[in-house]
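A structural walkthrough
Next come the chains, spelled out residue by residue.
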Amino acid sequence: MSLELAAADTRENFIAEAVRRIDACGVRSQQEQGRFSASLSGGNTPKDVNRLWAGRSALDWKSVVLLFGDERCVPPGHPDSNFGMTEQTLLRNLPERPTVHRMHGENPDPENAALDYEKVIRTSLGSEGRLDLAILGLGPDGHTASLFPGAEILSETKKLCGATPAPDGKMQRLTLTVPVLKKARQIIVLAAGADKAEVVNRIVNGPLMERELPAQLFIRDHSLKVTLLLDGASAARL
Ligand code: 6PG
């Protein structure tokens, strides 16, 4: 396998290309194995991608299983909830509702919520917990999902989901761990905007420093099938 670096010139074309690639992966999975499972990203980048995807998909949504790459430890109706964002931008606009497994960020015991989600992963994806697609974002500090620089969870080799503090100390997060993300058949990392240009260059061309730049765990692992999708602004320093 290898890294595919793709860059759309404008943000609008980035969004269209993201939808094209994500949906094509799903259609291929449904054709080849009769189902499609994906983990969704949180943050702002996926919002416009989700809105376009909802109206421009060739998927049979009844046989789609959606999980989350991470979640903030807040209730689903909280403005910071990744599930809430996904409900507003994707799920409520779909012609049919897929199977959706949200992480229970409202659980006052995040470790317990992570254990519960591990059971959901194994039940919905099989004991291996293998996703067809992991959709990931990229933070300016090099984090992806809620795998933040220097976090203990970066070294987790057994669990499929874990609780971890967000660097701002504001709230706990739930996140898929490195093993389950590395097991995905395909990974698409979405990174748009000038604020990502410097970290994109460090991740792609800089020295390997996976604890400082966790997204390198996937983008620089050439045994994985990874696409790093950029726009002109985030590709500007390459
Ligand atoms: C989250 C995401 C996180 C996000 C990056 C990029 O819950 O916030 O999982 O990893 O993808 O922080 O966020 P933006 O798309 O807002 O730049």
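Above this text you will find the structure in question.
Residues numbered from 1 in each chain as written. Predicted model: local features only at pLDDT ≥ 70, side-chain atom pairs only at ≥ 80, totals over all residues. Heavy atoms only, no water.

**As for empty space enclosed by the protein**
The condition is simple: A cavity here means a set of 1 Å grid points, computed over protein atoms only, where a 1.4 Å probe fits but cannot escape. A pocket is an open set with protein on both sides within 12 Å along at least 5 of 7 lines, and lining residues have an atom within 4 Å of a point. Grid points are joined across faces, edges and corners, and a volume is the space filled by probe spheres set on the points. A run of H or I in DSSP counts as a helix once it spans at least four residues, and a run of E counts as a strand once it spans at least two, with each numbered from the N terminus. Just so you know the grouping, Ala, Val, Leu, Ile, Met, Phe, Trp, Tyr, Cys and Pro go in nonpolar, Asp, Glu, Lys and Arg go in charged, and all remaining residues, Gly too, go in polar.
In this structure the tally under the stated criterion is 2 cavities of 30 Å³ or more. Approximately 50 Å³ is the volume attributed to the largest cavity. In terms of lining residues, the largest cavity is bounded by Ile22, Leu40, Ser41, Pro46, Val49, Asn50, Trp53, Thr86, Ile135 and Leu190. Broken down by element, the lining of the largest cavity gets its largest block of residues, 4 residues, from helix H2 (residues 45-55). Around the second largest cavity, the lining residues are Leu40, Ser41, Gly42, Gly69, Asp70, Ile135, Leu136, Gly137 and Ala145. Among the elements that line the lining of the second largest cavity, the one with the most residues is strand S6 (residues 133-137), at 3 residues. Of the residues belonging to the lining of the second largest cavity, the class tally is 4 nonpolar, 4 polar and 1 charged.

**Some words on the layout of surface pockets**
Of the pockets and cavities examined, the largest pocket occupies roughly 480 Å³. Gly42, Gly43, Arg72, His143 and Arg173 are, among the 25 residues lining the largest pocket, the residues nearest its centre. The computed volume of the second largest pocket comes to approximately 220 Å³. For the second largest pocket, the full set of lining residues is Glu111, Phe148, Pro149, Ala151, Glu152, Ile153, Glu156, Lys159, Gly162, Ala163, Thr164 and Pro165. Among the elements that make up the lining of the second largest pocket, the one with the highest residue count is strand S7 (residues 161-165) (4 residues). Residue classes in the lining of the second largest pocket are distributed as 6 nonpolar, 2 polar and 4 charged.

**Observations regarding the site of the ligand**
Put simply, the rule is: Working definition: residue near molecule or strand if any one of its non-hydrogen atoms lies within 4 Å of it. Here a polar contact means two N or O atoms within 3.5 Å. Within protein one must be a hydrogen donor candidate and the other an acceptor candidate, and residues neighboring in sequence count only if both atoms are side-chain atoms. Calculation of accessible area relied on Shrake-Rupley with a 1.4 Å probe; when residues are assessed, cover is drawn exclusively from the protein chains displayed. The way we define it, a molecule is inside a pocket or cavity when more than half of its atoms are within 2 Å of that pocket's grid points.
Close to the ligand lie 16 residues, the nearest being Thr45, Arg72, His143, Ala145 and Lys196. Take Ser41: an N or O atom from its side chain is 3.3 Å from an oxygen atom of the ligand. Within the side chain of Asp70, a nitrogen or oxygen atom sits 2.8 Å from an oxygen atom of the ligand. Contact with the protein chains hides 88% of the accessible area of the ligand, taken as 420 Å² for the molecule alone. Counting atoms within 2 Å of the grid points, the majority share of the ligand lands in the largest pocket.

**Digging into the pattern of salt bridges**
Think of it this way: side chains of opposite charge can pair up when their charged atoms draw near. Test applied: Salt bridge, as used here: a side-chain nitrogen of Lys or Arg that lies within 4 Å of a carboxyl oxygen of Asp or Glu. Buried means the residue's accessible area, taken with a 1.4 Å probe over protein chains only, is under 20% of the maximum for its type, while exposed means over 50%, and partly exposed covers the values in between.
Using the criterion set out here, one finds 15 salt bridges in the structure. Arg20 serves as the salt-bridge partner of Glu17, at 2.7 Å between the closest nitrogen and oxygen. Here Glu17 and its partner Arg20 are both found in helix H1 (residues 11-33), 3 residues apart, which amounts to about one turn of the helix. As a salt-bridge pair, Arg35 and Asp132 come within 3.7 Å of each other at their nearest N and O atoms. Residue Arg35 is located in the loop between H1 and strand S2 (36-40), and its partner Asp132 is located in the loop between helix H4 (110-125) and S6; the two are separated by 97 residues in the primary sequence. Residue Arg35 is classed as partly exposed on the basis of its relative accessible area, which comes to 30%.

**What to know about unusual backbone geometry**
Here Ala145, not a glycine, exhibits a phi torsion of approximately 50°, which is positive. Within the secondary structure layout, Ala145 lies in the loop between S6 and S7. The exposure class assigned to Ala145 is buried, which follows from its relative accessible area of 11%.

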